[in-house]
Every structure is written in C-alpha cells, then in structure tokens.
Amino acid sequence: MSSPYTLEEACEIRTGKLDANEANLGGRYPFFTCSSEPSRIDHFAFDQSAVLVAGNNAQGNFHVQRYIGKFNAYQRTYVLSAKPGFELDYVFYALKLALRSLKEQAQGSQTKFLTMPLLTSLPVGTHSSSDQTKISAVLSALDAKIDLNNRINAELESLAKTIYDYWFVQFDFPDANGRPFKTSGGKMAYNPTLKREIPAGWEFGSLWSIAQYTNGLAMQKYRPQGDDYLPVIKIKEMSDGFSPDTERASPSIPSKVIVEDGDVLFSWSATLAVQIWSCGRGALNQHIFKVTSKKYPRSFFYFELLNYLDHFKMMAEKRKTTMGHITLDHLRQSFVVTPPLPLIQRLEQIVLPMFDQQLGLNQQTLELIKLRDWLLPLLMNGQVQVR
C-alpha cells in the first residue's frame, strides 16, 4: 500500500479573519466559528466549496462541517479547499474519522486547539481520485437522507406548533359551526391573572399544575455491574443522541427515571431545552425533568413548555452565577390557559400522527447514522471497496 498523502498535499488551508463577536443573529450568511452550528453574519469573505474545521474547543471536541456558497469564518476556523486530483467530500469524511485522534493530539490546557502543523501533517488517505469519488458518494448519499429526514421533521414540528398556537394561543379553534372561534366573534372574557382575554368559561393553571416533573438522578451512583446497562441521557445526549462516549447506568435504577421514546424531556439547567425523546431507552440524569401528566395529552404540556422556553432562558441568564437554571417556583408562577379537556384531546388526535411520523423518521435517522459511522472507517481503511 502506498504512503498516505497529507492534508497539506490534498488541500489549500486558510483561516478566517474575524472575531467571534462579529456574529449577527439576523445576518445573511453563515459564520463558521468553533461552535457545532454556524452563527450568522452580514458580510462574506469566502464564496466556494469548503470544509470548515473548528480550531479550538474547551474539551477538544472539534467540529468539521461541509459548506458550498458564500460564508465567513472565525479567525480560529480553518477553511479547506481541494487541490486538483482530490475530492473535498473525501477529505471531509477523512477528517470526521480523525476527530478522535485530533482531540488526543490537540494542544492547550484550559482550551484545546489545533495548530496548523498538526493539520498539515495529518494523513488523509491513499485512495485514487476515482475511488475518493466513489467512497464519498456512498457516504454523502447517507448524509443526504439524514439531512432530508431532519428537514421533514423540522417541518412537521413547525406545522404541529402552528396548529396548536392557532387553536390555543390565538383561540381560533373550530367553533360549533366549524368556523374559527375568536375571528368569528366567539365570546371572550378578560382574565386578570393572565392579563388578557381568553374564551369565556375557560380556566387557567400553571405549568406546575398541568404536569408532573420527575427529576433525573446522579447516575454516577448507579454504575452497571455487568454487561447489561442503560445509556445515560445528559444534556449532551438531548442535543446529539447517544455516542460511544455516553456514560452507562445500571438497568436496575428506579423506573420513574427510565426514559422511553416519546417521553417529553425538559433540561432546566445550563442549556435549557424541551424535546420529545426519540433515541431509545435510557437513564435520565440529574438536571433534566421527565414531564408526564395523568390528565392531559402530551401535546398540551409539551407545547405549553415550548411556549415558555425563551422566557425561561432569559430568566436563567439573569440568574447566571456559575450555571443558569430555573426553579420549581418558576414553573408554579408560569400561568397557562387550560382549554376544555375534550378540545385538548381533539387537538391531540390531529397532531399525534405528526409526532408518530417524527418518531419514525428519527429512528430511521439513527439507523442511518449507525450505518454511516460503521462504513466510514471500513471504506477509508480499504477493508470495504465500492465497485
């Protein structure tokens, strides 16, 4: 086998020029910093097909991203373009495979960073140009399907939320004649606690009163003793799903902190988020609530929590000393309209197929990710060939 070519031989490598605080939330172009997702900015410095490599990260968890078009980049972000004879998608997958070794070789103590000499000397592969194209085509096809599933799920989430808000925020649910209630002149009454008009006869409660909140446990106290285990769901798993780095817990933990697909999770500290879990059975770690209700369907408390999420993030930011969080009092003081239960159940029947389709697509996506990650080293190391 021939010697592997290096990243310097395969790519032109530049860096961005900007400070990270030049990001603009409503900017027109992606701004690649060292975060896992690009920010936005109003001006671009690059217009090309590129691989973006984050050059620093506190824990050494560097990100590699692929982008085609106009964008800008942070001064510690490396911007790679392919030299003649090399396939940039192939380089992208080679770098994804090398992330673990890059973490081990990264320099710095408080913040890990990748140096230019480390990157330029990185072995990329030995495949010919035509084989690079074949390999990247297989892996790109899997990523394209994963991306499509994610976009469909985002649309389904948006559609379900739009219907929910139309019914229970704007109060234009179908009246007895099938017409939008408020727009058609349905009777409204002012509620002094909510400080707004709601349909006459409707009641109100709080986020605390409409659901039960079960906090996770410190799972380091429940390490597995044998081969059986449950993966631990921390905030990172809520964002990225399970990974080889996910901690493990004994399956003998209390059943109330075992999470199944379809459960609603609410991380209330550090990174606040609400989601319907879909990554498989797991053990709930502390700082995350499993939210349930014996009375109300899932869609009701899920969307009410979502509607409060931005407000909670703002409150947590104000309380921030070492780690921003909200308290149970915040839930008790967060008031919501409680429509008649039959109407809530009627809406649940409308959005439930969307939730089910999302769950199915998420499970399919997880399988595709497993397949891609299994194939990646085999293809790159030549153990599997594409004909």
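Above this text sits the structure in question.
Residues numbered from 1 in each chain as written. Predicted model: local features only at pLDDT ≥ 70, side-chain atom pairs only at ≥ 80, totals over all residues. Heavy atoms only, no water.

The next subject is the sheet that holds strand 20 (residues 282–284). A sheet is described by the order of its strands in space; here four strands give the open sequence 16-15-20-17, paired in mixed fashion. Taken across any chain shown, the strands that pair with only one partner, and hence form the sheet edges, are strand 16 (248–249) and strand 17 (258–259). The sheet contact formed by strand 15 (residues 230–233) and strand 20 spans two bridges and is parallel. In the sheet register, Ile233 faces strand 20, and the bridge partner there is Leu284. (Pairing = 2+ DSSP bridges. Helix = DSSP H or I, 4+ residues; strand = E, 2+ residues; numbered from the N terminus.)

One can find Glu157 in helix 4 (residues 129–168). Residue classification places Glu157 among the partly exposed positions, given a relative accessible area of 22%. A C-alpha to C-alpha distance of 9.3 Å links Glu157 and Val351, two positions 194 residues apart in sequence. Residue contacts for Glu157: discarding those within four places in its chain leaves Tyr302, Phe303, Leu306 and Gln358. Within polar-contact distance, the side chain of Glu157 engages the side chain of Tyr302 at 2.6 Å. (Buried < 20%, exposed > 50% of the residue type's maximum accessible area, 1.4 Å probe, protein only. Contact = heavy atoms within 4.5 Å. Polar contact = N/O pair within 3.5 Å; in protein donor to acceptor, adjacent residues only side chain to side chain.)

This part is about the sheet that holds strand 21 (residues 288–292). Across the sheet, four strands lie side by side as 14-21-18-19; this open sheet has antiparallel pairing. The sheet terminates laterally at strand 14 (212–215) and strand 19 (273–276), the two strands that pair on one side only. When the angles between neighbouring strand axes are averaged without regard to direction, this sheet yields 25°. Across four bridges, the pairing between strand 18 (residues 264–267) and strand 21 is antiparallel. From the neighbouring strand, Ser267 faces strand 21, where its bridge partner is Ile288. (Axes fitted to C-alpha atoms, helices over the stretch in contact; angles between N-to-C directions.)

Take the packing of helix 2 (residues 88–105) against helix 4 next. Two elements in contact, helix 2 and helix 4, have axes whose closest approach is 8 Å; the angle formed by their N-to-C orientations is 70°. It follows that helix 2 is roughly perpendicular to helix 4 by the angle criterion. Where helix 2 crosses over helix 4, the handedness of that crossing is left-handed. Mapping the contact onto sequence places Asp89, Tyr90, Phe92 and Tyr93 in helix 2 and Gln132, Ile135, Ser136, Leu139, Ser140 and Asp143 in helix 4. For the contact of helix 2 with helix 4, the class distribution of residues is five nonpolar, three polar and two charged. (Parallel < 35°, antiparallel > 145°, perpendicular 65-115°, else oblique. Left-handed = near helix turned anticlockwise from the far one by under 90°. Nonpolar A, V, L, I, M, F, W, Y, C, P; charged D, E, K, R; others polar.)

Following the criterion strictly, the structure yields 26 aromatic pairs and no others. Measuring from ring centre to ring centre gives 5.0 Å for Phe92 and Tyr93, while their planes differ by 65°; the resulting arrangement is edge-to-face. In this structure Phe92 comes out as buried when scored by relative accessible area, which is 9%. Judged by centre distance (5.1 Å) and plane angle (25°), the rings of Phe173 and Trp202 are stacked. Taken together, the residues span a long stretch of sequence, with Phe173 in the loop between helix 4 and strand 11 (188–191) and Trp202 in the loop between strand 12 (196–199) and strand 13 (203–206) at a distance of 29 residues. By the burial criterion, Phe173 is buried, and Trp202 matches it. Members of the aromatic cluster, each reached through a chain of ring pairs, are Tyr164, Trp167, Phe168, Phe171, Phe173, Phe181, Trp202, Tyr302, Phe303 and Phe355. Sitting above the plane of the Tyr229 ring, Arg248 keeps its charged end 4.0 Å from the centroid. Its end group placed over the ring of Trp208, Arg332 keeps NZ or CZ at 4.8 Å from the ring centre. (Phe/Tyr/Trp six-rings, centres within 6.5 Å; stacked < 30°, edge-to-face > 60°. Lys NZ or Arg CZ within 6 Å of the ring centre and 35° of its normal.)

Let us look at the layout of surface pockets. By volume, the second largest pocket is sized at about 230 Å³. Along the walls of the second largest pocket sit 14 residues, with Pro123, Val124, Gly125, Met380 and Asn381 positioned nearest its centre. Of all elements in the fold, only helix 2 and strand 10 (123–125) reach the threshold of two or more residues within the lining of the second largest pocket. Looking at the lining of the second largest pocket, the element that brings in the most residues is helix 2, giving five residues. Residue composition of the lining of the second largest pocket, grouped by class: ten nonpolar, four polar and no charged. (1 Å grid on protein atoms, 1.4 Å probe; cavity = no way out; pocket = protein on both sides within 12 Å on 5 of 7 lines; lining within 4 Å. Points joined across faces, edges and corners; volume = space filled by probe spheres on them.)

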